[in-house]
Amino acid sequence: GITDEAYEAIPSQLLTRLRPESIGSILQVAGDLQIEFTGFDGYPYAVEISTDLQNWTVVSTNFPANGAFTVQDSVSGAADQRFYRSQLLP
């Protein structure tokens, strides 16, 4: 079996492995997209872009300030379909 102390230790061991995912929001301003992501201050995040959700390319590395950071991307045409995501870097 497992002791009560071992059961009680499980949540504290798991919580350090959990983290909230970055949330992104997009605004179009004067022909440019402004993408704002949430994140932890002092930690690096890679912003990646894709046209098919399978192949991703890193376009920038950012450090949030006050829980967020913004990336700009110019809109090159209505036919372009782009997807954005941020990844917490090690």
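Residues numbered from 1 in each chain as written. Predicted model: local features only at pLDDT ≥ 70, side-chain atom pairs only at ≥ 80, totals over all residues. Heavy atoms only, no water.

Draft legend 1. Just the overall build of the protein chain, in detail. A tally of helices and strands in the protein chain yields one helix and six strands. Going from the N terminus to the C terminus, the protein chain shows its helices and strands as α-β-β-β-β-β-β. Among the 90 residues that make up the protein chain, the fraction classed as buried is 21%. Considering only contacts within the protein chain whose residues lie at least 6 apart along the sequence, 55% involve residues at least 24 apart. Put simply, the protein chain shows about 6600 Å² of open surface, and 53% of that area lies on carbon and sulfur atoms. (Helix = DSSP H or I, 4+ residues; strand = E, 2+ residues; numbered from the N terminus. Buried < 20%, exposed > 50% of the residue type's maximum accessible area, 1.4 Å probe, protein only. Contact = heavy atoms within 4.5 Å. Areas by Shrake-Rupley, 256 points an atom, 1.4 Å probe, with all protein chains shown as cover.)

Draft legend 2. Fine view of the environment of Val-47. If you trace the backbone, Val-47 turns up in strand β3 (residues 45-50). Along the primary structure Val-47 and Ile-35 are separated by twelve residues, whereas in three dimensions their C-alpha atoms are 9.8 Å apart. If we ignore the near neighbours within four places in the chain, the residues touching Val-47 are Phe-37, Thr-57, Val-58, Val-59, Ser-60, Asn-62, Phe-69, Val-71, Arg-85 and Ser-86.

Draft legend 3. The arrangement of the sheet that holds strand β1 (residues 24-29) in detail. Taking strand neighbours across the sheet as the criterion, the three strands line up as β1-β2-β5 in an open arrangement whose pairing is antiparallel. Taken across any chain shown, the strands that pair with only one partner, and hence form the sheet edges, are β1 and β5 (68-74). On average, adjacent strands in this sheet sit at an angle of 20° to one another, irrespective of strand direction. Alignment of strand β2 (residues 32-38) against β5, held across seven bridges, turns out to be antiparallel. Directly across from Phe-37, in β5, lies its bridge partner Phe-69. (Pairing = 2+ DSSP bridges. Axes fitted to C-alpha atoms, helices over the stretch in contact; angles between N-to-C directions.)

Draft legend 4. Representation of the packing of aromatic side chains in the model. A complete count under the given rule lists three aromatic pairs for this structure. The interplanar angle of 75° and the centroid separation of 6.4 Å between the aromatic rings of Phe-40 and Tyr-43 together place this pair among those described as edge-to-face. Put simply, the rings of Phe-37, Tyr-45 and Phe-69 pair up and form one aromatic cluster. (Phe/Tyr/Trp six-rings, centres within 6.5 Å; stacked < 30°, edge-to-face > 60°.)

Draft legend 5. How the structure looks around the side chain of Asp-73. Residue position: Asp-73 is located in strand β5. With relative accessibility at 18%, the residue Asp-73 sits in the buried group. Among the polar contacts made by the side chain of Asp-73, one reaches the side chain of Arg-82 at a distance of 2.6 Å. A distance of 2.5 Å separates polar atoms of two side chains, one belonging to Asp-73 and the other to Tyr-84. Apart from the residues within four sequence positions on either side, Asp-73 is in contact with Asp-32, Leu-33, Ile-35, Ile-49, Arg-82 and Tyr-84. (Polar contact = N/O pair within 3.5 Å; in protein donor to acceptor, adjacent residues only side chain to side chain.)

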